[in-house]
Amino acid sequence: MSIRSFEHQTLAQRVVFGPGAAKQSLPAEVQRLGGHRVLLIATNAEAALADRLAAELPVVGRFHDVRPHVPSEVAEAARALAEELDADLLLCVGGGSTTGTAKAVALTAGLPILAVPTTYAGSEATPVWGMTESRRKSTGTDPVVLPRVIVYDPELSVSLPVGLGVASGLNAMAHCVDSLWAPRANPILSAMATEGIRALAPALRGIVADGSDLDARGGCLYGAYLSASTFAGAGSGLHHKICHVLGGAYDLPHADTHAVVLPHVLAYNADDAPEAAARVATALGADEAVAGLISLYDDLGAPRALRDLGLREDQLEEATALVVEAAPGDNPRSVTAANVSRLLHRAWAGEPPLRAEEDERSQS
Ligand code: NAD
């Protein structure tokens, strides 16, 4: 590997990690951030958990109307509540939708966020916000939405059903893999991404074997942090652009969509990104990247088909056009409508991914 010139930006964030860390460290972390009027953000499902963690905190209000992909009216309602309560700190306990809601408030109110993630989506480690309006998801980057403190507590994700955990962990895996060829990829991010893949694969097998295994839950959170940090630095590669289109335009479940699409994008790029493919293979302990990922998917019983997630076949043509429009110009393999259409059809039908050479041979 030759290291040529690159730029790398580190993010200013404090990370507290460990079983039991949330209950133990939140009072001190809230104090450290100068929080006297905390707005607690959690879904209805996580409300009781969040209340338990926040029992000794100066909470002045709660926002529970969290919805996937942060619809703009949800963002407005959360902002209005923060203003009405004169909140000075946002504490979000939950998955990426919950963190995303806190980010939507921080974006306009400038309030600091203390994030306690309970899935492996990784939004807590990025300065990226997202909101959805009229079937289109818009995203942006603003340092103000980057949570100041993250508290990772493996005990909190034990209740995450294993199927959701698998999809969420593969969402994290996708951040790692896509970071290897995304527009701002660099050697430091690639090292973190490789370690993220190396940590996630056994940890995901571990939660499938035993969902209450705290080491495995911790491995998933560790991998999630690395994955999101690499995504934050490297930006969206082809994989994220595809999932962004599918999530925003067709309201597909976020983590499952990432899980289904990832092997197809890895296969799409592997021959044209040999160094990235070699990293993935090594991190998975496999001879070859795509086969290694498929073997992991087999062990995890991972989701395979977009049609199972609610996408209709007659939507693939529109999706193809949207992906081609959004695809990064420097993707390792050229992105054409014909190639993307075949990739999406296979992902929709749950067919095995095809590497570039096999894909092109299938056309001749
Ligand atoms: P989610 O937050 O919608 O959570 C999925 C489900 O898991 C929900 O039903 C939730 O109630 C449940 N859940 C969460 N924690 C649980 C627990 N401990 N026990 C039981 N159930 C639990 O989904 P997600 O996959 O975490 O996040 C997806 C969202 O995050 C998307 O909108 C995506 O765009 C966003 N995201 C943003 C970034 C970013 O950098 N901005 C990165 C990754 C994901």
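About the criteria used
- Residues numbered from 1 in each chain as written.
- Predicted model: local features only at pLDDT ≥ 70, side-chain atom pairs only at ≥ 80, totals over all residues.
- Heavy atoms only, no water.
- Helix = DSSP H or I, 4+ residues; strand = E, 2+ residues; numbered from the N terminus.
- Buried < 20%, exposed > 50% of the residue type's maximum accessible area, 1.4 Å probe, protein only.
- Phe/Tyr/Trp six-rings, centres within 6.5 Å; stacked < 30°, edge-to-face > 60°.
- Lys NZ or Arg CZ within 6 Å of the ring centre and 35° of its normal.
- Expected span 1.5 Å × (residues − 1).
- Disulfide = S-S within 2.5 Å.

Time to look at unusual backbone geometry. Phi angles above zero are rare outside glycine, and Val70 is one such case at about 40 degrees. Relative to the helices and strands, Val70 resides in the loop between β3 (59-63) and α3 (72-85). A relative accessible area of 4% means that Val70 is categorised as buried. At Asp251, a residue that is not glycine, the phi angle is positive and equals roughly 55 degrees.

Scanning all chains against the criterion turns up two aromatic pairs. A centroid spacing of 5.8 Å and a plane angle of 45 degrees characterise the contact between Phe17 and Tyr152, whose relative ring orientation is tilted. In this pair, Phe17 is assigned in strand β1 (residues 14-17) and Tyr152 in strand β8 (residues 149-152), connecting sequence segments 135 residues apart. Where Tyr152 meets Tyr225, the ring centres are 6.0 Å apart and the plane angle is 75 degrees; that geometry is what we call edge-to-face. Remark: Tyr225 occurs in helix α7 (residues 214-234) and Tyr152 occurs in strand β8; sequence separation between them is 73 residues. Put simply, the rings of Phe17, Tyr152 and Tyr225 touch in pairs and so form one group of aromatic residues. The aromatic ring of Trp348 is capped on one face by Arg307, whose charged end is 5.1 Å from the ring centroid. Note that Arg333 overlies the ring of Tyr268, its terminal NZ or CZ placed 4.1 Å from the centroid.

To continue, consider helix α8 (residues 238-250). If you check α8, its first and last C-alpha atoms are 18 Å apart, about what 13 residues at 1.5 Å a residue would give, namely 18 Å. Judged by how many residues are buried, α8 sits mostly within the fold: 11 of 13 residues are covered. Listed in full, the buried residues belonging to α8 are Leu238, His239, His240, Ile242, Cys243, Val245, Leu246, Gly247, Gly248, Ala249 and Tyr250. Positive backbone phi, at 55 degrees, marks Asp251, one or two positions downstream of α8.

In this section: the state of the cysteines. Within this structure, the stated rule accounts for zero disulfides. For Cys176, which is in no disulfide, the shortest distance to another cysteine sulfur is to Cys220 and amounts to 12 Å. Cys243 takes part in no disulfide bond, and the closest cysteine sulfur, belonging to Cys176, lies 14 Å away.

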